[in-house]
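Listed here are the chains, written in short residue letters.
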Amino acid sequence: MITNIIDIFRHQARSHKTIRSFCYNRNYELGTGLESHPLLWLEDPIYGRNRDNIFVNTVNFSVLFLPSDSKTVAELQNLACSIGLNIIERIKAQEKTISVRPDWTYTTLRDYYDNNACGCRFSVNYTQVNMQDLCLIDEQFDAEGEFDESICLDNFDIRPSGNGEVYAGKFPEFNLKTSRK
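About the cut-offs
- Residues numbered from 1 in each chain as written.
- Predicted model: local features only at pLDDT ≥ 70, side-chain atom pairs only at ≥ 80, totals over all residues.
- Heavy atoms only, no water.
- 1 Å grid on protein atoms, 1.4 Å probe; cavity = no way out; pocket = protein on both sides within 12 Å on 5 of 7 lines; lining within 4 Å.
- Points joined across faces, edges and corners; volume = space filled by probe spheres on them.
- Helix = DSSP H or I, 4+ residues; strand = E, 2+ residues; numbered from the N terminus.
- Nonpolar A, V, L, I, M, F, W, Y, C, P; charged D, E, K, R; others polar.
- Buried < 20%, exposed > 50% of the residue type's maximum accessible area, 1.4 Å probe, protein only.
- Pairing = 2+ DSSP bridges.
- Phe/Tyr/Trp six-rings, centres within 6.5 Å; stacked < 30°, edge-to-face > 60°.
- Expected span 1.5 Å × (residues − 1).
- Arc of directions from axis to C-beta.
- Contact = heavy atoms within 4.5 Å.

Enquirer: Is there a simple way to explain empty space enclosed by the protein in this structure?
Expert: Over the atoms a probe the size of a water molecule is rolled, and this reveals where empty space is left. Per the stated rule, a full pass over the model turns up 1 cavity of 30 Å³ or more. There is about 40 Å³ of room inside the largest cavity. Secondary-structure elements contributing two or more residues to the lining of the largest cavity are α2 (73-94), β5 (98-100) and β7 (117-129). Here the residues of the lining of the largest cavity sort into 8 nonpolar, no polar and no charged.

If you want it as structure tokens, here you go:
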């Protein structure tokens, strides 16, 4: 289900004539300079809840440009808004597995993250039928299952080789000068 949503947005980004790259990641990764712009950034996490066996999900995505001398920030925000609206409408027209709700929102962006990108961020709510095949649930469980016995950390010997000694539990003393006196 999650990969399906990521693939829908990746496909839209790849198909759009203006968008040069697509990323699905946390927002703190934005603005690193490793992205090619114009960019469609699908934010992780994707939010979801169940309502009467229908998933109601929320995704946030941004269409971002790097400002240049040829276009103002407002012109790039306008273009980003238009691209975002086109993507939403195209998803509504093409995707049969999800249904975009009419309560989406957008926010204009300026000086966004370290690379000072600008554009628009969209929050889109959509519904999706539970895609889990309920007939296969029992196949996912073993009534007599036990956890494998495993060691979480590798055992290692703290005894030094040769004539070394270990003083465990003894704190080191530092007497460092903090002034010239």
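Enquirer: Hey, could you run me through the pairing of strand β4 (residues 54-65) in this one?
Expert: Regular strands place side chains that alternate from one sheet face to the opposite one. Where burial is concerned, most of β4 is hidden: 11 out of the 12 residues are buried. Strand direction decides the pairing type here: strand β2 (residues 39-43) and β4, joined by 4 bridges, are antiparallel. Pairing of Leu-40 across the sheet is with Val-63, part of β4. Relative to β4, strand β3 (residues 47-51) runs antiparallel, the two sharing 5 bridges. Each bridged residue has a counterpart across the sheet, and for Arg-51 the counterpart in β4 is Ile-54. Counting the residues that bridge the hairpin from β3 to β4 gives 2 residues, and of these Asp-52 lies at a positive phi of roughly 55°.

Enquirer: When you look at the pairing of β2 in this model, what are you seeing that I'm missing?
Expert: For β2, a buried count of 5 out of 5 residues is recorded, marking the element as mostly surrounded by other parts of the structure. The side-chain alternation of β2 yields two buried faces, one formed by Leu-39, Trp-41 and Glu-43 and the other by Leu-40 and Leu-42. Sheet topology places strand β1 (residues 21-25) next to β2; 5 bridges connect them, and they run parallel. The residue of β2 that forms the bridge with Ser-21 is Leu-39.

Enquirer: How should I be thinking about the packing of aromatic side chains in this particular structure?
Expert: Describing an aromatic ring pair means giving the distance of the ring centres and the angle of the ring planes. In total, this model carries 5 aromatic pairs according to the counting rule given. Their ring planes at 15° and their centres at 5.1 Å tell us that Phe-61 and Phe-122 sit as a pair that is stacked. One end of the pair, Phe-61, is in strand β4; the other, Phe-122, is in strand β7, with 61 residues separating them in the sequence. Grouping residues by exposure puts Phe-61 and Phe-122 together as buried.

Enquirer: Even after reading the chapter, I still don't get unusual backbone geometry, so can you show me in this structure?
Expert: In most cases, non-glycine residues show a negative phi, while peptide bonds are predominantly trans. Here the residue pair His-37 and Pro-38 is connected by a cis peptide bond, since its omega of 0° sits within 30 degrees of zero. Position of Pro-38 relative to the elements: it lies in the loop between β1 and β2. Following Asp-44, the chain continues to Pro-45 via a peptide bond in cis, the omega torsion being 20°. The residue Pro-45 is located in the loop between β2 and β3 in this model. In this structure, Asp-111 is a non-glycine residue whose phi angle is positive, near 50°. For Asp-111, the position within the fold is in strand β6 (residues 105-112). According to the relative accessible area criterion, Asp-111 is exposed, its value standing at 53%. Unusually for a residue other than glycine, Asn-116 sits at a positive phi of about 55°.

Enquirer: Just to check I follow, could you spell out helix α1 (residues 2-15) for this structure?
Expert: Think of an α-helix as turning once every 3.6 residues; residues three or four places apart then point the same way. Compared with the 20 Å implied by 1.5 Å per residue over 14 residues, the 20 Å span of α1 between its first and last C-alpha is a close match. Among the residues of α1, Ile-5, Ile-6, Ile-8, Phe-9, Gln-12 and Ala-13 are the ones counted as buried. Seen along its axis, α1 keeps its buried residues to an arc of 155°; they face one direction. In this structure, α1 carries Thr-3 and Arg-14 as exposed residues pointing more than 90 degrees from its buried face. Those residues of α1 hidden inside the fold are in contact with β1, β2, β4, α2, β5 and β7.

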